[in-house]
Amino acid sequence: MVTFVDSSRGQVVRVPWRAGLNVYGGSAMAKLETANRALAVVRNGRLIYQTLKSLATTRALPLQSGDVLRLANYG
């Protein structure tokens, strides 16, 4: 499973992991918008990626089973 935590809306959504799943595909499955939002990817309890800019390249970031993606609105 991959877990999305949307702190702006107080929402937690889990989606099944599958080979080739990336941020874009996972967020589409979770029905969460990631564009223009702050994103942190936590893997095995460690922050592996964080961005405060456009997610254009991040959307292709491959996900692993157990990843937690934390989303927040800017400002």
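Each remark here, short or long, concerns the structure printed above.
Residues numbered from 1 in each chain as written. Predicted model: local features only at pLDDT ≥ 70, side-chain atom pairs only at ≥ 80, totals over all residues. Heavy atoms only, no water.

Chemist: What is the right way to read the pairing of strand β1 (residues 2-6) from this model?
Modeler: Looking along a regular strand, one sees the side chains alternate between the two faces of the sheet. In terms of burial, β1 is a largely internal element, five of the five residues being buried. Every second residue of β1 is oriented toward a common face, with Val 2, Phe 4 and Asp 6 on one face and Thr 3 and Val 5 on the other, all of them buried. In this sheet, strand β2 (residues 11-15) lies alongside β1 in antiparallel orientation, the contact comprising five bridges. In the strand pairing of β2, Asp 6 is matched with Gln 11. Counting the residues that bridge the hairpin from β1 to β2 gives four residues, and of these Gly 10 lies at a positive phi of roughly 65 degrees. (Buried < 20%, exposed > 50% of the residue type's maximum accessible area, 1.4 Å probe, protein only. Helix = DSSP H or I, 4+ residues; strand = E, 2+ residues; numbered from the N terminus. Pairing = 2+ DSSP bridges.)

Chemist: Is there a simple way to think about the pattern of salt bridges in this case?
Modeler: Pairing is possible between side chains that carry opposite charge, provided their charged atoms lie close to one another. All told, the structure shown has three salt bridges when counted by the stated rule. Residue Asp 6 is joined to Arg 9 by a salt bridge in which the shortest nitrogen-to-oxygen separation is 2.8 Å. Given the relative accessible area of 0%, Asp 6 is considered buried. Since its relative accessible area comes to 55%, Arg 9 is described here as exposed. Ionic contacts of the salt-bridge type, sharing partners, join the residues Asp 6, Arg 9 and Arg 37 into one network. (Salt bridge = Lys/Arg side-chain N within 4 Å of Asp/Glu carboxyl O.)

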